[in-house]
Amino acid sequence: MFIDLIPPALQSFLSLVSRHSSHLVRQQYDVIVVGGGHAGTEAAAAAARVGAETLLVSQKIETIGALSCNPSLGGVGKGQLVKEVDALDGLCGRAGDWAGIHFSILNRRKGPAVWGPRAQLDRQRYREFIQSELLSTPRLTVLEGSVEELFVSEPNPEEPGHHRVTGIRLANGSHPISASSVVLTTGTFLSGSLFMGQSKSPGGRIGDAPSSAGLSHTLRERLGLRTGRLRTGTPPRIVKDSVDLSLANVHPPDSHPTPFSFLNTHTHCKPEEQLPCYLTYTTPGVERVVRESLHLNCHIQEDAKGPRYCPSIESRVLRFPGRRHQVWLEPEGVTSDILYPQGLSMTMPPDVQLRLIREIPAMHRAEIHTPGYGVQYDFVCPTQLSPALQVKSTQGLFLAGQINGTTGYEEAAAQGLWAGVNAARCALSRPTVALSRTESYIGVLIDDLVSRGVTEPYRMFTSRAEFRTSLRPDNADLRLTLKGFEEVGCVSIVRYQEAVRVRDSLQDALATLQALALSTQNWRKKLPDMRMSEVKNSLLTGMDVLRYNDVSFEMLASAFPECLSHHMEFSQRLKIEGTKSDLGILRQIQKEENMSLPQDINYLTLPVSLSHEVREILDRVRPTTLGAATRLQGMTPAAIIHLFNYVRRTGQKERRSHRNKPDQREERKCLE
């Protein structure tokens, strides 16, 4: 019955997988990926693109690529990760463009460096796209099964590490499957437990079993890895027809949807077909229900750390009493009759959940389709990993996603892609590769994990990137695609050629704008609506004029159609290039990360423009180099620039003073 309800492409995918589960074509692979979530699918696809024969093992084939929690992708910081995964030929950006039903750019009123591409997704469309992509990926096999344990052997003495992982054993007792590299992307399934009210049951997602206890035992006991416990949760799903949406604020999508993928010029869902989201708020009645039911909620009383930036409604009420909290009512699909109440993650008993949501006016008659629940799961302390996401003590073992202490689809996808790349390169006897935090948000994410570790589920923000001014969503292709093809080997020739075309066209357009030089008087004649000082009469280039807030590239192209009109496809990117600031000095800072910081600096009284918070951070940590300062949480690009300029000026003054100071021996000779 299930097969009859799904598209032909997906039917062939499932039948192909069924065949593989009964008899694998081979018992030896270059790479085995365990888990079919966002990290696992990106890891498997990336490993295959690099050239490795890859096996993806998932407990349930039909849930590969499923959106386990919220039906959305991207956001501030997270959207940057999606763009970078796409620039490296990953799956999630194109899947988002296919499945998106509400596209918007968050933070558009601020600078382009902190814009957040985001989309609401149709759950079924997203899952089908991912599964279809995996089916068409060469060198990739999919197997349904549960991994019982990892095979561990003596390490290669010529490589660092105390152990070596050589393959997996499935829970059904079938023959062992060997591999040079294994990538674990177990998500919330590693010794996962589900909580609802006072009940507790094993599992990583409702309706699914947890991963095998043998896998957790191998990681802790056999490999000696330090693990911890984290928790997360999901809200109840609401029957759409039972909600009075007239009592909520309508938020329409952008009139011109912006695709995630650099390969797409438009989204699958047309602008007029996109669906709105709705905003409402909690009431004092919600807080009352939370407080009255705390004794019925064992999940909230557990010691495991939950996500600070996506907390349950219980945590929000307890942490911020008396406040009104946002609740977004989000569609789950074009034809879905379910709404997702973003902001109402909860783990109380189902009857109490119903009481709580009915305290919100728009949901005063709401019905619950599926109750919310909490999840607790094991994670591996990520400081035990290298920047390639390989376990330092174990050859051939890579980890990605929530097993590393992160939260969110985007963070998982980014780690999965990079772990898959390096697992494949390792299996093919190529050196592993790393991304710097100065060139990508993926680099920031991985560096934060492996150098700082986590004490709570890690979420990406633009504030974590010191060089976010140059790590914009719009230029991820120029930052990463060429490197992905030339150095990493995970990018197709088609995408590479498109990135080269874009790079060359942008350089040509920028050169044309720079060569277009007129006096201010002539600019006012060409652009009479532009607000330009009549007193000022100097020579300005097209790039100079494009920096004016009221000047767009379209205006310049209309004034100079013969030389600019054929660059219209890059109008927004050229406007961003014209308005960006401080990039020259930021690049210089990137080159001088090893600049020493004097240890006698009094940061609290330093005569430069620094916030009180930044001064306290610098005074407490006292970094030894400029690079170390850039990696401190809470540091801003502006603060780094001010600190860099101060140290450079101070050093120059000291050098001049030293040159002008007479030699003491000569001075003594004169006195004699």
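All values derive from a computational prediction rather than experimental measurement.

*Asks:* How should I be thinking about the overall build of the chain in this particular structure?
*Replies:* What the chain contains, in helices and strands, is 23 helices and 23 strands. Across the chain, the fraction of contacts at a sequence separation of at least 24, relative to all contacts at a separation of at least 6, is 72%. Accessible surface, the chain: about 29100 Å² in total, of which carbon and sulfur atoms supply 51%.

*Asks:* Looking at this model, I keep getting lost on the pairing of strand β8 (residues 163-170). Mind explaining?
*Replies:* Consecutive side chains along a regular strand alternate between the two faces of the sheet. Burial runs high along β8: six of the eight residues are buried. Alignment of β8 against strand β20 (residues 394-395), held across two bridges, turns out to be parallel. Counterpart to Arg164 in the pairing with β20 is Gln395. Sheet topology places β8 next to strand β9 (residues 177-184); two bridges connect them, and they run antiparallel. If you follow Ile168 over to β9, its bridge partner there is Ile177. In this antiparallel pair of consecutive strands, β8 and β9, the connection spans six residues, and Gly173 shows a positive phi of 75°.

*Asks:* Mind showing me how you'd approach the environment of Tyr646 here?
*Replies:* Structurally, the position occupied by Tyr646 is in helix α22 (residues 637-660). Residue contacts for Tyr646: discarding those within four places in its chain leaves Ile601, Leu606, Pro607 and Val608.

*Asks:* Sorry if this is basic, but what is going on with the sheet that holds strand β3 (residues 72-74) here?
*Replies:* Strands pair in a sheet through their backbones, by hydrogen bonds, and they do so in one of two ways: parallel or antiparallel. An order of β3-β5-β4 is seen for the three strands of this open sheet, with the pairing classed as antiparallel. In this open sheet, the two edge strands, each paired with only one partner strand, are β3 and β4 (100-106). Between one strand axis and the next, the sheet turns through 20° on average, direction left out of account. Taken together, the six bridges between β4 and strand β5 (residues 116-121) define a ladder with antiparallel strand orientation.

*Asks:* Even after reading the chapter, I still don't get helix α20 (residues 612-621), so can you show me in this structure?
*Replies:* Helical geometry: 3.6 residues make up each α-helical turn, so side chains three or four residues apart lie on a common side. Of the residues making up α20, those classed as buried are Val614, Arg615, Ile617 and Leu618. Looking down the long axis of α20, one finds its buried residues gathered within 160° of arc, a one-sided arrangement. Among the exposed residues of α20, those oriented more than 90 degrees off its buried face are His612, Glu613 and Arg620. Positive phi shows up at Arg622, right after α20, with a value of about 50°.

*Asks:* Looking at this structure, how should I read the packing of helix α3 (residues 78-87) against helix α12 (residues 476-488)?
*Replies:* Geometrically, a packed helix pair is captured by the angle between its two axes and the distance between the axes. Here α3 crosses α12 at 35°, and the two axes come no closer than 8 Å. Judged by the sense of rotation from one axis to the other, the crossing of α3 with α12 is right-handed. Facing Lys83, Glu84 and Ala87 of α3, the residues of α12 in contact are Ala476, Asp477, Arg479, Leu480 and Thr481. A breakdown of the residues in the contact of α3 with α12 according to their chemical character gives three nonpolar, one polar and four charged.

*Asks:* Quick question: what am I supposed to make of the side chain of Arg573 here?
*Replies:* Tracing the backbone through its elements, the reader meets Arg573 in helix α18 (residues 571-579). Filtering out sequence-adjacent residues up to four positions away, Arg573 remains in contact with Phe262, Asp474, Asn475, Asp477, Leu478, Val502 and Leu506.

*Asks:* Help me understand the sheet that holds strand β11 (residues 199-202), please; the structure alone is not making it clear to me.
*Replies:* What the four strands build is an open sheet, ordered β11-β10-β19-β12; its pairing is antiparallel. In this open sheet, the two strands that pair with only one neighbour each are β11 and β12 (227-234). Shown here is a sheet whose adjacent strand axes are inclined to one another by a mean of 25°, direction ignored. Bridge count between β12 and strand β19 (residues 373-380): eight bridges; the pairing is antiparallel. The residue of β19 that forms the bridge with Thr234 is Tyr373.

Calculation rules
Residues numbered from 1 in each chain as written. Predicted model: local features only at pLDDT ≥ 70, side-chain atom pairs only at ≥ 80, totals over all residues. Heavy atoms only, no water. Helix = DSSP H or I, 4+ residues; strand = E, 2+ residues; numbered from the N terminus. Contact = heavy atoms within 4.5 Å. Areas by Shrake-Rupley, 256 points an atom, 1.4 Å probe, with all protein chains shown as cover. Buried < 20%, exposed > 50% of the residue type's maximum accessible area, 1.4 Å probe, protein only. Pairing = 2+ DSSP bridges. Axes fitted to C-alpha atoms, helices over the stretch in contact; angles between N-to-C directions. Arc of directions from axis to C-beta. Left-handed = near helix turned anticlockwise from the far one by under 90°. Nonpolar A, V, L, I, M, F, W, Y, C, P; charged D, E, K, R; others polar.

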